[in-house]
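Understanding the architecture of this molecule
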Amino acid sequence: MPISLNVPVPGRVKRVAADLEPELYGFERVRRRHTLVVKRFGERTPTEYARLVPAVRRAIEGTAPFEVRVTGIETFERPTHGADPVVHLAVESPGLLALHDRLCEAFEPIEGLEDEAYVPHVTLARGGSATARERLRARGIDPVTWRVNELVLWDATHEEVAARFPLPA
């Protein structure tokens, strides 16, 4: 099962994505479940997963809550995986970047996606014409800032939260 450590996306960001959805209908794939990945762990067997949970808990120990800010609409014209381009909400967060770096020291980074290549984002859609992408980027959004108080392990196979890690206040 593919596993990742994610920041839960708050309702305010989900509403931004929902408001943009009518403009995404011309894209090949529209993402309706929005995530903010901190670190990918790839495919894990149930035994490997059982070992991963305490290892993640140790790696994030002492992580204080941090702020994340969605700032606008951007694209990855040539993403590492999957159909291109990818339209996404841009994310700024020094705390998130620091946590990602720490996790890449504790767990092998996925080449081309993590370490220096890591760009925090919330995917909206894949594919679509250059005109549609430009229209979205020009539209803009009101920035959304929130405080991250919890991280979750996401099981992509079952599309569910597999473990929660509260961040101490």
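This text follows the structure it describes.
Description of the structure in this document.

Calculation rules
Residues numbered from 1 in each chain as written. Predicted model: local features only at pLDDT ≥ 70, side-chain atom pairs only at ≥ 80, totals over all residues. Heavy atoms only, no water. Helix = DSSP H or I, 4+ residues; strand = E, 2+ residues; numbered from the N terminus. Polar contact = N/O pair within 3.5 Å; in protein donor to acceptor, adjacent residues only side chain to side chain. Contact = heavy atoms within 4.5 Å. Core = buried A, V, L, I, M, F, W, Y, C linked by side-chain atoms within 4.5 Å. Buried < 20%, exposed > 50% of the residue type's maximum accessible area, 1.4 Å probe, protein only. Pairing = 2+ DSSP bridges. 1 Å grid on protein atoms, 1.4 Å probe; cavity = no way out; pocket = protein on both sides within 12 Å on 5 of 7 lines; lining within 4 Å. Points joined across faces, edges and corners; volume = space filled by probe spheres on them. Nonpolar A, V, L, I, M, F, W, Y, C, P; charged D, E, K, R; others polar.

**Some details on the side chain of Ser93**
- Along the polypeptide, Ser93 turns up in the loop between β5 (86–92) and α3 (94–106).
- For Ser93, the side chain forms a polar contact with the main-chain nitrogen of Leu96, separated by 3.0 Å.
- Beyond its immediate sequence surroundings of up to four residues, Ser93 is in contact with Phe66, Glu67 and Val68.

**Remarks on the nonpolar core**
- Formed by 46 residues in total, the largest nonpolar core has its most connected members in Leu89, Leu151 and Leu153.
- With seven residues, helix α2 (residues 46–60) is the single largest residue contributor to this core.
- Setting aside residues up to four positions removed in sequence, Leu153 forms contacts with Ile3, Ser4, Leu5, Phe41, Tyr49, Val53, Val56, Glu160, Val161, Ala162, Ala163 and Phe165.

**Comments concerning the pairing of strand β7 (residues 144–148)**
- Taking every second residue as pointing to the same face, the buried face of β7 carries Val144, Trp146 and Val148, while none of Thr145 and Arg147 on the other face is buried.
- As paired strands, strand β4 (residues 66–76) and β7 are joined by five bridges and run antiparallel to one another. By the bridge assignment, Phe66 is partnered in β7 with Val148.

**Some thoughts on the layout of surface pockets**
- The volume enclosed by the second largest pocket comes to roughly 260 Å³.
- What lines the second largest pocket is a set of 14 residues, among which Pro8, Val9, Lys14, His34 and Trp154 lie closest to the centre.
- Per element, the largest residue contribution to the lining of the second largest pocket is three residues, and it comes from strand β8 (residues 150–155).
- Its residues assigned to classes, the lining of the second largest pocket comprises six nonpolar, three polar and five charged.

**Some thoughts on the environment of His121**
- Tracing the backbone through its elements, the reader meets His121 in strand β6 (residues 121–126).
- Judged by its relative accessible area of 17%, His121 falls in the buried class.
- Between the C-alpha atom of His121 and that of Val37, which follows or precedes it by 84 residues, the distance is 7.7 Å.
- Not counting chain neighbours up to four residues away, the residues in contact with His121 comprise Thr35, Leu36, Phe76, His88, Leu89 and Val91.
- Here Thr123 takes part through its side chain, which lies 3.4 Å from a polar atom of the side chain of His121.

These figures come from the coordinates and say nothing about function on their own.
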